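Listed here are the chains, written in short residue letters.
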Amino acid sequence: APGSPWTVRERSPRDLPIDLLFAVKQTNLDALHTRLMEVSTPSSSQYGQHLSNDAVHALIAPSRGDVRSVLEYLAAHGVFNVTAATPNSDILRATTTIERAESLLGGVRYMRLQHNTAGTTVHRILEPYSLPTRVAQALDFVAPTVHKPAVRRTTQNDTASHRNVPKTLRELYSVGDAVGKASTNKQAVTAFLEQFYDKSSLKDYWSEYCSGIVCGDGLPQLVGDATTGRPGVESMLDIESITGVAGHVASEFWGFSGRSADNPENEPFFKWLAQLSATSDDAVPKIFSTSYGEDEGSWSKPAATRLNVEFAKAGTRGISLLFASGDEGANCKGSKFVAEGPGSSPYVTAVGGTTPASGFPAPGSEVAVGLSSGGFSDYFAQPSWQMDAVTNYLSSAS
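Conventions adopted
Residues numbered from 1 in each chain as written. Predicted model: local features only at pLDDT ≥ 70, side-chain atom pairs only at ≥ 80, totals over all residues. Heavy atoms only, no water. Helix = DSSP H or I, 4+ residues; strand = E, 2+ residues; numbered from the N terminus. Buried < 20%, exposed > 50% of the residue type's maximum accessible area, 1.4 Å probe, protein only. Contact = heavy atoms within 4.5 Å. Areas by Shrake-Rupley, 256 points an atom, 1.4 Å probe, with all protein chains shown as cover. Lys, Arg positive; Asp, Glu negative; His and termini not counted. Charge placed at Lys NZ, Arg CZ, Asp CG, Glu CD. Pairing = 2+ DSSP bridges. Axes fitted to C-alpha atoms, helices over the stretch in contact; angles between N-to-C directions. Parallel < 35°, antiparallel > 145°, perpendicular 65-115°, else oblique. Left-handed = near helix turned anticlockwise from the far one by under 90°. Nonpolar A, V, L, I, M, F, W, Y, C, P; charged D, E, K, R; others polar. Salt bridge = Lys/Arg side-chain N within 4 Å of Asp/Glu carboxyl O. Core = buried A, V, L, I, M, F, W, Y, C linked by side-chain atoms within 4.5 Å. Disulfide = S-S within 2.5 Å. pLDDT = per-residue confidence, 0-100. Phe/Tyr/Trp six-rings, centres within 6.5 Å; stacked < 30°, edge-to-face > 60°. Arc of directions from axis to C-beta.

**As for the overall build of the chain**
Turning to step 1, where the next piece is worked out: Scanning the chain from N- to C-terminus turns up 11 helices and 19 strands.
Turning to step 2, where the next piece is worked out: Summarising its shape, the C-alpha atoms of the chain cover approximately 65 × 50 × 45 Å along the three principal directions.
Turning to step 3, where the next piece is worked out: Relative to its full complement of 398 residues, the chain shows a buried share of 45%.
Turning to step 4, where the next piece is worked out: Partitioning the intrachain contacts of the chain with sequence separation of at least 6 by distance along the chain shows that 79% fall at a separation of at least 24.
Turning to step 5, where the next piece is worked out: Approximately 18900 Å² of the chain is accessible, and the part contributed by carbon and sulfur atoms is 51%.
Turning to step 6, where the next piece is worked out: For the chain, the distance from the average position of its 33 positive side-chain charges to the average position of its 41 negative side-chain charges is 4 Å.

**Topic: the sheet that holds strand β3 (residues 82–84)**
Within a beta sheet, neighbouring strands are joined by backbone hydrogen bonds and run either parallel or antiparallel to one another.
Turning to step 1, where the next piece is worked out: Reading across from one edge, β3-β4-β2-β7 is the order of the four strands in this open sheet, with antiparallel pairing throughout. Two strands lie at the open edges of the sheet, namely β3 and β7 (139–143), each paired on one side alone. If you compare each strand with its neighbour and ignore which way they point, the axes differ by 20° on average.
Turning to step 2, where the next piece is worked out: Here β3 pairs with strand β4 (residues 91–97) via three bridges, running antiparallel.

**Let's talk about the environment of Gly375**
Turning to step 1, where the next piece is worked out: You can see Gly375 is positioned in the loop between β19 (366–368) and α11 (387–396).
Turning to step 2, where the next piece is worked out: The class for Gly375 is exposed, based on a relative accessible area of 60%.
Turning to step 3, where the next piece is worked out: When the C-alpha atoms of Gly375 and Leu322 are compared, they prove to be 16 Å apart, with 53 residues separating the residues in sequence.

**Observations concerning the sheet that holds strand β13 (residues 320–324)**
Turning to step 1, where the next piece is worked out: Ordered in space as β9-β10-β8-β11-β13-β17, the six strands form an open sheet in which the pairing is parallel. Unpaired on one side and paired on the other, β9 (221–223) and β17 (349–351) mark the two borders of the sheet. Averaged over all pairs of adjacent strands, the angle between their axes in this sheet comes to 25°, without regard to strand direction.
Turning to step 2, where the next piece is worked out: In the sheet, β13 pairs with β17 via three bridges, with the strands oriented parallel.

**A short note on the packing of helix α1 (residues 29–40) against helix α10 (residues 301–316)**
Turning to step 1, where the next piece is worked out: At a minimum axis separation of 9 Å, α1 and α10 run at an interaxial angle of 40°. Here α10 runs oblique to α1, going by the angle between their axes. Along this stretch, α1 crosses α10, giving a crossing that reads as left-handed. For the pair formed by α1 and α10, the contact residues are Leu29, Leu32, Arg35, Leu36 and Val39 on the first element and Val309, Ala312, Lys313, Gly315 and Thr316 on the second.
Turning to step 2, where the next piece is worked out: Here the contact of α1 with α10 is composed, by residue class, of six nonpolar, two polar and two charged.

**Here we look at the pattern of salt bridges**
Turning to step 1, where the next piece is worked out: Counted according to the given criterion, the structure contains 17 salt bridges.
Turning to step 2, where the next piece is worked out: A salt bridge links Lys313 to Asp90; the nearest nitrogen and oxygen atoms lie 3.0 Å apart. Of the two residues, Lys313 sits in helix α10 while Asp90 sits in the loop between β3 and β4, which places them 223 residues apart along the sequence. Each member of the pair, Lys313 as well as Asp90, carries the same accessibility label: buried.
Turning to step 3, where the next piece is worked out: The residue Lys336 makes a salt bridge to Asp378 at a minimum N-O spacing of 3.5 Å. Taken together, the residues span a long stretch of sequence, with Lys336 in strand β15 (residues 336–337) and Asp378 in the loop between β19 and α11 at a distance of 42 residues.
Turning to step 4, where the next piece is worked out: Each of Lys25, Asp90, Asp140, Arg306, Glu310 and Lys313 takes part in salt bridges that share partners, so that together they form one network.

**Structural notes on the nonpolar core**
Turning to step 1, where the next piece is worked out: Within the largest apolar cluster, 38 residues are counted, with the highest numbers of intra-cluster contacts made by Phe269, Trp272, Leu276, Phe288 and Leu321.
Turning to step 2, where the next piece is worked out: Among the elements of the structure, β2 (17–24), β5 (110–115), β7, β8 (186–192), β10 (250–256), α9 (268–278), α10 and β13 are those that each provide at least two residues to this core.
Turning to step 3, where the next piece is worked out: No other element matches the six residues that α9 contributes to this core.
Turning to step 4, where the next piece is worked out: Sequence-distant contacts of Phe288, that is, excluding residues within four places in its chain, are made with Ala188, Thr190, Trp254, Trp272, Leu276, Ile319, Ser320, Leu321 and Leu322.

**Considering the state of the cysteines**
Turning to step 1, where the next piece is worked out: Scanning the entire structure with this criterion turns up one disulfide.
Turning to step 2, where the next piece is worked out: Note that Cys210 is cross-linked by a disulfide to Cys215, the S-S spacing being 2.0 Å. Handedness here is read from the sign of the S-S torsion; for Cys210 and Cys215, about -90°, the answer is left-handed. Cys215 carries the same exposure label as Cys210, and that label is buried.

**Digging into the confidence of the model for the chain**
Turning to step 1, where the next piece is worked out: Of the residues in the chain, 95% reach a pLDDT of 70 or more, and the chain-wide mean stands at 92.
Turning to step 2, where the next piece is worked out: Low confidence marks residues 155–159, where pLDDT is under 50. Its contacts with residues over four positions away, or in another chain, come to two contacts.

**Let's talk about the packing of aromatic side chains**
Two descriptors summarise a pair of aromatic rings, namely the distance from one centre to the other and the angle between the planes of the rings.
Turning to step 1, where the next piece is worked out: All chains considered together, the criterion is met by 17 aromatic pairs.
Turning to step 2, where the next piece is worked out: Between Tyr197 and Phe253, the aromatic rings sit 5.6 Å apart at their centres with planes inclined by 45°, giving tilted as the arrangement. Taken together, the positions of Tyr197 in the loop between β8 and α7 (199–209) and Phe253 in strand β10 put the pair 56 residues apart, joining distant regions of the chain.
Turning to step 3, where the next piece is worked out: On the basis of relative accessible area, Tyr197 is assigned to the buried category, the value being 4%.
Turning to step 4, where the next piece is worked out: Linked through ring pairs, Phe192, Trp254, Phe269, Trp272, Phe288, Tyr292, Phe311 and Phe323 together constitute an aromatic cluster.

**Some words on α7**
Turning to step 1, where the next piece is worked out: Among all positions in α7, only Leu202, Tyr205, Trp206 and Tyr209 are buried. Buried residues of α7, seen end-on, are gathered within an arc of 95° and therefore sit on one face of the element. The exposed residues of α7 that point more than 90 degrees off its buried face are Asp204, Ser207 and Glu208.

Here it is as structure tokens:
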């Protein structure tokens, strides 16, 4: 399409392995929202009483009939390598070939797409897919299909390289010499689409900027199908910053590429959420920081709504999800401002960018940077807890 950052190269190889994720419709979503509000609202008597992973999945488990309909449809098409990606089977993973996937989805054609600037390739369909009525009624969406991921080619800004470092960030945010004291503390960053981790780069960073302070708590644990390789600017910045600010806190690097030598083609963002749901309460980090974002409308509303539920599941377990608000400023398409997702979800915390002000790095010596995004969601209603802030913003904005 004109203006698209992706170029269609050729039809995908028919024998190419692919992991199809089937998002089976969940139940009791109103109850999930209510419970999330109870455990997240300081004035609630249930505040802080988070549910276990098993309890969350039991609450919203899909109907057995819906799961059975999907499994029977897959079996009828010769797809038997199917596993539950979550404890309640609300995400089913089917490993098959492009040829069978095309047949499953109504005769569509997968194409190899290449990103015009980053060179990243993905395999996606360019037209809507179709399923039998009973199967379609059982699902929110199937991935990877029509959604094309956002890809950013980040460049290093050397003029600021010595300003946002552990010691200045600790002063700016009044962390000082404080370090984690609970042995169960654990934090994580996520990375997608060939944004890799490199151990030697992290060690070099610590050696240069962590003299006299404690950065992290040993090397991060690696989780996901694509974690190591040529270090990505954005992914390394994330793990360097989070370990630089939080001493004596164990860290993890969760990386998903969408493709790798040992894994079939997949939808990396949704695969991360499936992995999050499959990770036990005693093993899962309680905070995830993600620098990934894209236009809210890059996901269909049904798909974005389902992603919202996955965020709510995490919150009900006591897991905080932090997302970059984006770096496109007031992104405008077709004479309309476009919100940035997933930061537009009411169930995550969107974090905007700042730039140093007079007195940096003294606390408060920062101002919002013009490239930082945000926007009002076109998909989700304004939640009650944002009402005062939004009202004040609209009354004072010029």
